[in-house]
Amino acid sequence: MRVSVLVNSKAGSVNAELIEAKVREALFRCDLRFCRPSTMMEMFDFVQEEMAQKTDHFIICGGDGTINVTLQCLMKYQNGAHIPPIAIVRSGTANDLAHEIGVSHRIDTAVRNIFEGVVKNIDVIEITAEDQRAFMLTNGGLGLPAKAAELANKFRSNLQALANNPKSAKAYRFLAEKSYHAVKKMGPSVYSMMTAEAIRTWNPEGWGLEIEIPGKVNVETTSPIVLVNNQQKIGSSFVPAPFTSNTDGTVNLLLSETNNIPSQALAAYHIRRGTVEKSPAFKSFELKEFRLKSQNPQRSLTFFGDGEILLRDVQEITVRCIHRGLPVMVRQ
């Protein structure tokens, strides 16, 4: 059995050497092909080659961002071909997908899902704008959620850059390195911190969306919280869609009509507590497809998904659910 293993050595607090050793020990009878890509192109090349070699399984060792980049590769090179089932080793910040499908924290148990688990075909969410196309599996959105995700990514990136910059003072590099590791150990808690900062710095001027839903009346909104949910939780602790599923062929769209800091903070609290249905500020839809359009040419849209910025500075975005588009190995 050919098994292709992608290890993101930069994800979370990952120890790439330990992961590889554990995978080799657990799957010693398999034909293992490892890749620790340093660039996206290396990952694309590896996925393309393994797809061409008709690998039996992909194992992805990383967080939601690593899974998302791999997903872009798989969907790009699919071209109607069969996508091999994937198994996940959780080693990222939030690990939302791994948490949703019940992946073990133990590396050996997680990778042996290819033998001891079953295939679960989960929905893939396609996001397109003009000539751009991207995919996601967990949760995403616009407005405040996208700003919070971007702040979190920039915060980690800046700390890492400072820690690795030989021109920085030694004391600054030391503090940045310690801070970077502390942030990684915070896991999804970093998103709570960045949500507060996003609310504090949000500029509502010129923000407005028109939402086109096929077969229904268009919706106009100034909601700063626009979440697109393929599963219940985001950041392992926020619960924007307590009744949605990643196998039902629809995607959840959540809006919050809030226009000041106190109401936005209260909305974030309801999402954090999983009580969005108790607040009249929220509107929730379960849809197969919809389109988001900026009402202001001067206010472009940025879309995040799976913790990563997928589209930036566009005017229209189409969201579509690809029913059961990705096979994932899970425990019975």
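Each remark here, short or long, concerns the structure printed above.
Rules used throughout
- Residues numbered from 1 in each chain as written.
- Predicted model: local features only at pLDDT ≥ 70, side-chain atom pairs only at ≥ 80, totals over all residues.
- Heavy atoms only, no water.
- Helix = DSSP H or I, 4+ residues; strand = E, 2+ residues; numbered from the N terminus.
- Rg over C-alpha atoms; globule rule 2.2 N^0.38 Å.
- Buried < 20%, exposed > 50% of the residue type's maximum accessible area, 1.4 Å probe, protein only.
- Contact = heavy atoms within 4.5 Å.
- Areas by Shrake-Rupley, 256 points an atom, 1.4 Å probe, with all protein chains shown as cover.
- Core = buried A, V, L, I, M, F, W, Y, C linked by side-chain atoms within 4.5 Å.
- Pairing = 2+ DSSP bridges.
- Axes fitted to C-alpha atoms, helices over the stretch in contact; angles between N-to-C directions.
- Expected span 1.5 Å × (residues − 1).
- Arc of directions from axis to C-beta.

Novice: What is the right way to look at the overall build of the protein chain in this model?
Specialist: Scanning the protein chain for helices and strands turns up ten helices and 16 strands. Relative to a compact globule of 332 residues, whose C-alpha radius of gyration would be 20 Å, the protein chain shows 20 Å and is just as compact. Seen along its three principal axes, the alpha-carbon backbone of the protein chain occupies a region of about 55 × 55 × 35 Å. Taken across its 332 residues, the protein chain has 54% of its residues classed as buried. Pairs at least 24 residues apart make up 75% of the contacts formed inside the protein chain by residues separated by at least 6 positions. On the protein chain, roughly 15500 Å² of surface is accessible, and the fraction owed to carbon and sulfur atoms is 50%.

Novice: Which parts of the structure should I look at to understand the nonpolar core?
Specialist: Side chains that are nonpolar tend, in soluble globular proteins, to be buried together. The biggest cluster of nonpolar side chains holds 50 residues, and the ones touching the most others in it are Leu-27, Ile-59 and Leu-326. When residues in this core are grouped by element, the largest group, seven residues, is from helix H3 (residues 64–78). Excluding residues within four positions of it along the chain, Leu-27 makes contact with Val-3, Leu-32, Ile-59, Val-111, Arg-112, Ile-114 and Phe-115. Grouped together as the second largest cluster of nonpolar side chains are 45 residues, Ala-134, Ile-199, Phe-290 and Leu-310 included.

Novice: Would you explain the pairing of strand S8 (residues 209–212) in this entry?
Specialist: Along any regular strand, the residues point their side chains to alternate faces of the sheet. Judged by which residues are buried, S8 turns out to be one-sided: Leu-209 and Ile-211 face inward and are buried, whereas Glu-210 and Glu-212, on the alternate face, are not. The pairing of S8 with strand S9 (residues 219–221) spans three bridges and is antiparallel. The residue of S9 that forms the bridge with Leu-209 is Thr-221. Following S8, the chain reverses through six residues before pairing antiparallel with S9; Gly-215 in that reversal takes a positive phi of roughly 80°.

Novice: Sorry, what's going on with unusual backbone geometry here?
Specialist: When glycine is set aside, most residues are seen to have a negative phi, and most peptide bonds are trans. In the Ramachandran plot, Lys-54 falls in the positive-phi region, its phi being about 55° despite a non-glycine side chain. Overall, Lys-54 belongs to the exposed group, its relative accessible area being 68%. One non-glycine residue with positive phi stands out, namely Asp-313, at about 55°. Looking at the secondary structure, you find Asp-313 in strand S15 (residues 308–314).

Novice: So what exactly am I meant to see when it comes to the sheet that holds S15 here?
Specialist: Hydrogen bonds between backbone groups are what pair the strands of a sheet, and the pairing can be parallel or antiparallel. The antiparallel open sheet is built from six strands, whose spatial order is S12-S11-S10-S7-S14-S15. Where the open sheet ends on each side, the last strands, each with one partner, are strand S12 (282–287) and S15. Averaged over neighbouring strand pairs, the angle between their axes works out to 15° when direction is ignored. Across six bridges, strand S11 (residues 251–256) lies against S12 in antiparallel orientation. Its bridge partner being in S12, Leu-253 is matched across the sheet by Phe-285. Along the sheet face, helix H10 (residues 261–273) touches strand S10 (225–229), S11 and S12 and points at about 20° away from the line of S10.

Novice: Sorry, what's going on with H3 here?
Specialist: One turn of an α-helix holds 3.6 residues; hence residues three or four places apart share an orientation. Helix length check: H3 (15 residues) gives 20 Å between terminal C-alpha atoms against 21 Å at 1.5 Å per residue, within 8%. Among the 15 residues that make up H3, 13 are buried, leaving the element largely enclosed by the rest of the structure.

Novice: Looking at this structure, I do not really get helix H2 (residues 40–52). What am I missing?
Specialist: Between its first and last C-alpha, H2 extends 18 Å over 13 residues, near the 18 Å set by a 1.5 Å rise per residue. Within H2 the residues assigned to the buried category are Met-43, Phe-44, Phe-46, Val-47, Glu-50 and Met-51. The buried residues of H2 occupy an angular sector of 165° when projected down its axis, which confines them to one face. H2 presents Met-41 and Ala-52 as exposed residues on the side facing more than 90 degrees away from its buried surface. Structurally, H2 contributes buried residues whose contacts are with strand S1 (2–7), strand S2 (31–35), strand S3 (57–62) and H3. Lys-54 lies just past H2 and shows a positive phi near 55°.

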